[in-house]
Structures are given as C-alpha cells and as structure tokens.
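Secondary and tertiary structure notes
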Amino acid sequence: AARVAIRNHRVQRLASFERYTRSVSRRAIEVNELTMTVRFGIAGAGLIAGKNVSALKACPLSEVAMVGARNPEKAKAFQEAHELPGSGSLEDVCDAPGIDAVYLCVPTAVRTGWALRCIENGKHVLVEKPGANAKDVSKMIQAARAKGVVFMDGSMWMQATRTDHLRKVLHEEQRIGDIVSAHSALTAFFPKEAVEQGIRGQVDLEPAGGIGDMAWYTVGSILFAFNYAMPHRVTCVSQRCDNGAFYQCSGRLEWKDGHTANFDAGYGGPLRQYIEICGTKGMIRVPDLVNPPLGSIDSFIGPSTAKPDTFWQVVDSGGFWISGQGETVQVPDVTETHEVEMIRKFCEAVTSKKQNERWVESTTCTQRVIDILVQSAEKDGEYVSL
C-alpha cells in the first residue's frame, strides 16, 4: 500500500509539473505578443532572496537583471549561485537606470530608506514584510503614489488564486454567514540558539523578531477573514531568546462587538500553517496557508446538501474546507506557486500602471496590528488599544 501511495504521489507531482510547464509556455507566448517584461533588481542576498529568486526567474512576466548587497562579495556569490546577469552594491541596484522594479529584502531596520530611494528613482517596489512600523509603511506608500509607481509587500499567500476564491466565498457570497471568530497558527521549530544566529535574532536589524516575521501571516489572515475591520484591542505574550529577540508568541484580537481571534506564531512549535474561520453558518479551515505544495492548489469544498453539523471534509492540500459542505469546486488554471503568482500580479500592476488598493489596505492594517502586538509583548501581555 505504501508503494502504491508513493507511486501515485509521484504521478500526481509529474502531472502537476507538466501542467505548470504548459502554463508557463502559454503565458510566455502571451507576454511575447505584448513585448512586456519587468526587469528586476534584487536588493539583499539573504535566505529570503534565495527563496524568491526562483519565482522571479519562473514568472514569464519578469527577468532578473542583477542582485545587490551590503557586501558586494556576497552579492557576487549569490549571482553565481543563481546564474544572474549581474551583481553589485545596494546603491547599484537602487540607482541602475535599466531596472524597472526592485525586490527589497534587506533587513527591516534599514528597509524604508532603501525603498524610498528606489521610489525616488522611479522604480516599483516589492517590499518584504514587516515594515519598521506603520509610520514608515505609510511613508513608502505615499511616496509610491506621488511617483506613480507600484507598491506591494511580500505576503505571497495574499496573491494566490485560492485567496481570491476564499475572498469571494467569505465576503461576497457570505457562505458561512457573519464571521464571529478565527484562529490562525504559523509555527516551525528552531532552537533559540539558531534563531539568535540568524537575521530574525538580531534585535538591531529585526526589532519585531518572530512577531514581525511569523505573526505577520497569522494576523494578516485574521484581518483578511474579518475584511479588515480593525480590532478594538489586542494582547500578546512572547517567549524571548537570551538576547531579547521575540521567539514564540501567542495573541488575541478583540472587536467591540464581541468577536475575537487568537493566534500562535514563531519558532518554538511544530510545523503548523493554518487559519480556521468560524461564521454563523459554518466554518472554513485552510490547512496550509503559507506553503501549499505545487500541484495541489486547485480545489476547495463548495456547497452541498450536507447537514450543517457535519465535520469538515479533507480535500487536496492547498484548497480549503467548509464544514458541512461537500462538493469539490475546481479553482481554474492554478499551476503556479504562491510566490510566482505574487510576482505575476505585481508585474501586471506595473505594466498596467495601476496600484491595487487592496494591497495597500492589507499592508497598512497588518502593520498597525503588529506594532501594537509588539507593544503588548513588551508589557508582558498587557492589553493595548488601537
């Protein structure tokens, strides 16, 4: 039975890859007809840049011209490892006249300055999250508006086709009624010593630590569920590394109407990446919010005549479940990872010269809540009002 399961899994992955290849070829033809390609520079040569450079290269709407880093030797090594055309300093990337957009993944503490420099030079910016604070996020957004360039944060799950369908089910069709509560988790275990040695453990460069990193997704998904109605107050408690960096946190958001949401996030728990959204008519559970495997992101559970008190049904990982509703609905043409979909949507906005206001709302609201969660954690979980 195990051998059959493994064989079936390999067949499914191969079929998924073939669909993805066909999709990329089809999109490439469309792009060539339009002769529109966004030329990217990557500012930063760390782990997250290494993760997303593959998406930048896979998306037929983009090409990577160069990478820059504080240490040009590190940029050169990154260039060679990922077979990019050029490398240099951060200044080189931000000032290069032939670059249309910059993917900014420098540390949070210095990100705003580099983003503003790119924007001033007329470059569109795909900015990693979190921001330094809500005030800095507002500076970047307002500068981008003034220059007529596109701003997007790097929350890849927000740009997924599945998220578009989830938005429709939740807020347009209101399939589970009014949202009353939610719970989200994003955890993965790393020893405290390992976190301290990484970028998230460097308090001077990443002051929000695990709250800014992992809780960005949980808080963002909760606000998405509540259609960006802002909570009245929040609380957050956090374990810390020996150097003071936020390691693992749990928090609660409360609204004046009595609705609530809870989350767990950080580096001190097992691998979890879900959101559970409860409404007056049912529940939706997304089991793999951040990293669904490619090839299993094309379905979710739709309406049926099932009794409303039945348990949710498991579908292909990467879909989402609605309790008491058993019909599988296909999400069309989903053959790209969340990261590639993010790059594609960003490039489409660049070529159309239209800022998506939904992205602005999502980033702004999430950053505001992250800021006060940090305040609460610094006060040992004291409630903080917005």
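Check the entry above for the structure.
Summarised in this report is the structure supplied together with it. (Residues numbered from 1 in each chain as written. Predicted model: local features only at pLDDT ≥ 70, side-chain atom pairs only at ≥ 80, totals over all residues. Heavy atoms only, no water.)

1. Re the side chain of threonine 187
The condition that has to hold: Note on conventions: DSSP H or I runs of at least 4 residues are helices, E runs of at least 2 residues are strands, and numbering of each starts at the N terminus. Working definition: with a 1.4 Å probe on protein chains only, accessible area under 20% of the residue-type maximum means buried, over 50% means exposed, and in between means partly exposed. The term polar contact refers here to a pair of N or O atoms within 3.5 Å; inside protein, the definition further demands a hydrogen-donor-capable atom paired with an acceptor-capable atom, and it admits residues adjacent in sequence only when both atoms are side-chain atoms. Throughout, a contact is declared for two residues whenever any of their heavy atoms are within 4.5 Å.
As for its placement among the helices and strands, threonine 187 is situated in strand E7 (residues 179–187). When its relative accessible area of 0% is taken as the criterion, threonine 187 is described as buried. A polar side-chain atom of threonine 187 sits 2.4 Å from the main-chain carbonyl oxygen of proline 270. Here threonine 187 is in contact with Met214, Gln248, Asp264, Ala265, Gly266, Gly269, Pro270, Leu271 and Arg272, once residues within four sequence places are set aside.

2. Re the pairing of strand E5 (residues 124–127)
This is how the line gets drawn: Pairing between strands requires that DSSP locate at least two bridges from one strand to the other. Note on handedness: a clockwise path from strand one over the helix to strand two, with the strands aimed away from the viewer, defines a right-handed crossover.
The side-chain alternation of E5 yields two buried faces, one formed by His124 and Leu126 and the other by Val125 and Val127. Alignment of strand E4 (residues 101–104) against E5, held across four bridges, turns out to be parallel. Bridge pairing in E5 places alanine 101 opposite histidine 124. Across three bridges, the pairing between E5 and strand E6 (residues 151–153) is parallel. Across the sheet, residue valine 127 finds its bridge partner in E6, namely aspartate 153. Handedness of the E5-helix H6 (residues 134–147)-E6 crossover: right-handed.

3. A look at the side chain of threonine 108
Among the structural elements, threonine 108 can be located in helix H5 (residues 108–120). Residue classification places threonine 108 among the buried positions, given a relative accessible area of 3%. Separated by 2.6 Å, the side chains of threonine 108 and glutamate 206 make a polar contact. Discounting chain neighbours no more than four positions away, the residues touching threonine 108 are Pro130, Gly131, Ala132, Arg200, Leu205 and Glu206.

4. Thoughts on the environment of isoleucine 141
Mapped onto the elements of the fold, isoleucine 141 is located in helix H6. Under the relative-accessibility criterion, isoleucine 141 is labelled buried at 5%. Along the primary structure isoleucine 141 and isoleucine 119 are separated by 22 residues, whereas in three dimensions their C-alpha atoms are 9.7 Å apart. Excluding residues that lie within four positions of it along the chain, isoleucine 141 makes contacts with Phe151, Val360 and Thr364.

5. What about the environment of glutamine 142?
Take glutamine 142: it is sitting in helix H6. Once the C-alpha coordinates of glutamine 142 and leucine 116 are considered, the two residues, 26 residues apart in sequence, prove to be 10.0 Å apart.

6. Things to note about H5
The test is simple: Working rule for helices: expected span equals 1.5 Å times residues minus one.
For H5, spanning 13 residues, the distance from its first C-alpha to its last is 19 Å, which sits close to the expected 18 Å at 1.5 Å a residue. Turning to H5, its buried residues number three or more, namely Thr108, Arg111, Thr112, Trp114, Ala115, Cys118 and Ile119. Two residues or fewer after H5 comes glycine 122, characterised by a positive phi angle close to 80°.

7. Examining the environment of leucine 253
Relative to the helices and strands, leucine 253 resides in strand E9 (residues 246–254). Placed 120 residues apart in sequence, leucine 253 and leucine 373 show a C-alpha to C-alpha distance of 9.3 Å. Non-local contacts of leucine 253, meaning those with residues more than four positions away in its chain, are made with Ile222, Leu223, Pro231, Arg233, Val234, His259, Thr260, Ala261, Phe263 and Val369.

8. Some remarks on the packing of aromatic side chains
Threshold: Planes of paired rings set the category: under 30 degrees apart is stacked, over 60 is edge-to-face and the rest tilted, where pairs are Phe, Tyr or Trp rings (Trp by its six-membered ring) whose centres lie within 6.5 Å. The rule is short: NZ of Lys or CZ of Arg within 6 Å of the ring centre and within 35 degrees of the ring normal puts a charge over the ring.
Following the criterion strictly, the structure yields five aromatic pairs and no others. Each member of the aromatic cluster is reached from another via a ring pair, and the members are Phe190, Tyr247 and Tyr267. The ring of tyrosine 383 carries arginine 233 above its face, with NZ or CZ at 3.7 Å from the centroid. One cation-aromatic arrangement involves arginine 285 over tyrosine 274; the distance from NZ or CZ to the ring centre is 4.4 Å.

9. Section: the packing of H6 against helix H12 (residues 357–378)
Keep this limit in mind: Between the N-to-C directions of two axes lies an angle of 0 to 180 degrees, each axis being a line fitted to C-alpha atoms and, for a helix, fitted only over the stretch in contact. Orientation is classified from the angle alone, with under 35 degrees giving roughly parallel, over 145 giving roughly antiparallel, 65 to 115 giving roughly perpendicular, and any other angle giving oblique. Note on convention: the crossing is left-handed when the near helix lies turned anticlockwise from the far helix by less than a right angle, right-handed when the turn is clockwise. Residue classes follow a fixed rule: Ala, Val, Leu, Ile, Met, Phe, Trp, Tyr, Cys and Pro count as nonpolar, while Asp, Glu, Lys and Arg count as charged, and any other residue, Gly among them, counts as polar.
The contact between H6 and H12 brings their axes to 9 Å, and the two run at 165°. With respect to each other, H6 and H12 are oriented roughly antiparallel. The hand of the H6/H12 crossing is left-handed. Residues Ala134, Val137, Ile141 and Arg145 of H6 lie in contact with H12, whose contacting residues are Glu357, Val360, Thr363, Thr364, Gln367, Arg368 and Asp371. Per-class residue counts for the contact of H6 with H12 are four nonpolar, three polar and four charged.

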